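Secondary and tertiary structure notes
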Amino acid sequence: GSGFIIKVSSDCKLGASGDYIISPPPLPPRDSNLPPTTTDANFPKEIGDFTLKSKNANDKSDCGVLDGKNVCVQMARYEYVSSDNLAVHVLPIKISSGKEAYLNYVKNHSSEKDFGGVSGAYLVEINQLYWFTENKDYNAIGTQEYRYIPQPDGGHNTEKLNATTTNSVTRWFLKQYPPIK
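Parameters at a glance
Residues numbered from 1 in each chain as written. Predicted model: local features only at pLDDT ≥ 70, side-chain atom pairs only at ≥ 80, totals over all residues. Heavy atoms only, no water. Buried < 20%, exposed > 50% of the residue type's maximum accessible area, 1.4 Å probe, protein only. Helix = DSSP H or I, 4+ residues; strand = E, 2+ residues; numbered from the N terminus. Polar contact = N/O pair within 3.5 Å; in protein donor to acceptor, adjacent residues only side chain to side chain. Disulfide = S-S within 2.5 Å. pLDDT = per-residue confidence, 0-100. Contact = heavy atoms within 4.5 Å. Core = buried A, V, L, I, M, F, W, Y, C linked by side-chain atoms within 4.5 Å. Phe/Tyr/Trp six-rings, centres within 6.5 Å; stacked < 30°, edge-to-face > 60°.

It is worth spelling out helix 2 (residues 168-176) at this point. When helix 2 is considered as a whole, its buried residues turn out to be S168, V169, T170, F173 and L174. The backbone nitrogen of V169 lies 3.0 Å from a side-chain oxygen of the residue at the head of helix 2, namely N167.

The subject of this paragraph is the state of the cysteines. Applying the stated criterion to the full structure yields 1 disulfide. Paired through a disulfide, C63 and C72 show a sulfur-sulfur distance of 2.0 Å. The chirality of the disulfide connecting C63 with C72 is right-handed, given an S-S dihedral of about 115°. Given a relative accessible area of 47%, C63 falls into the partly exposed group. Judged by its relative accessible area of 10%, C72 is buried.

On to the confidence of the model for the protein. Overall, the predicted model of the protein reaches an average pLDDT of 81, with 76% of residues at or above 70. Here residues 1-18 scores under 50 on pLDDT; set against residues more than four positions off or in separate chains, the count is 8 contacts. Within the model, pLDDT remains below 50 along residues 20-39, and this stretch shows 17 contacts once partners closer than five positions in the same chain are excluded.

A few words on unusual backbone geometry. The bulk of non-glycine residues show a negative phi, and the bulk of peptide bonds are trans. Its identity as a non-glycine residue notwithstanding, D67 has a phi of 50°, on the positive side. Relative to the helices and strands, D67 is located in the loop between strand 4 (50-66) and strand 5 (69-82). By relative accessible area, D67 is classed as exposed at 61%.

What follows is about the nonpolar core. Y80, V90, V169 and F173 are the most contacted members of the largest nonpolar core, which totals 22 residues. Going through the elements one at a time, strand 4, strand 5, strand 6 (86-97), strand 8 (121-125), strand 9 (128-132) and helix 2 are the ones with two or more residues in this core. Once residues lying within four places of it in the same chain are set aside, the contact partners of F173 are N42, F43, I47, Y80, V90, W131 and I141.

The next thing to look at is the packing of aromatic side chains. Here the distance between the centres and the angle between the planes together describe a pair of aromatic rings. One pass over the full model with this rule turns up 8 aromatic pairs. Ring centres of F43 and Y78 lie 3.7 Å apart, and the angle between their planes is 5°; this geometry places the pair in the stacked category. Separated by 35 residues along the polypeptide, F43 in the loop between strand 2 (20-22) and strand 3 (46-47) and Y78 in strand 5 bring together distant segments of the chain. Geometrically, the ring pair formed by F43 and Y138 is edge-to-face, given 6.3 Å between the ring centres and 75° between the ring planes. Highlighted residues: F43 in the loop between strand 2 and strand 3 and Y138 in the loop between strand 9 and strand 10 (140-150), separated in sequence by 95 residues. Y138 shares its class with F43; the two are buried. Following the ring pairs from residue to residue traces out a cluster consisting of F43, Y78, Y80, Y138, W172, F173 and Y177.

In this structure, R171 sits in helix 2. Given a relative accessible area of 46%, R171 falls into the partly exposed group. For R171 and I47, which are 124 residues apart along the polypeptide, the C-alpha to C-alpha distance reads 9.5 Å. The residues touching R171, leaving out its near neighbours within four places in the chain, are T165 and T166.

Counting through the fold element by element, T133 comes out in the loop between strand 9 and strand 10. Spatially, the C-alpha atom of T133 lies 9.0 Å from that of K181, the residues being 48 residues apart in sequence. Here the side chain of T133 touches P178 through a polar contact of 3.0 Å, landing on its backbone oxygen.

Dropping the structure here:
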């Protein structure tokens, strides 16, 4: 491949020419509310027929108002894929404020409670299952189920599948992070 080299002075000032200096941008401030660093024990490389394909430990952080209460959540996303293109996205969630409001919102907006015979599991959308857990790292876990449809360009389209409690990934996370009954 091709590339380029930038020569910098010892004090890391790029393009010093007279009084004009291009300095590298400062590092962003550290957000102390990000989810904890995960370990391989939290998210194994393989679960049953599924392999961890991608992970984004700090995928989304958002605050908003639910039922008049301020709620802030941080959510990560871990993508497990099987050889037959089934995918389960695991969404560990840390609620930094408004835990009760978020819990009540999920309970009140779910289409099925105690989904799949699992007490404390909530079907939120056809392919999305959520449960709350008492864990030092996360307050809730979500799963989303898809089928990847390979495309000629090497990419894939996604098809939502019905959420289940029976695939090996969801079963593993239900065991590791049991739902609050």
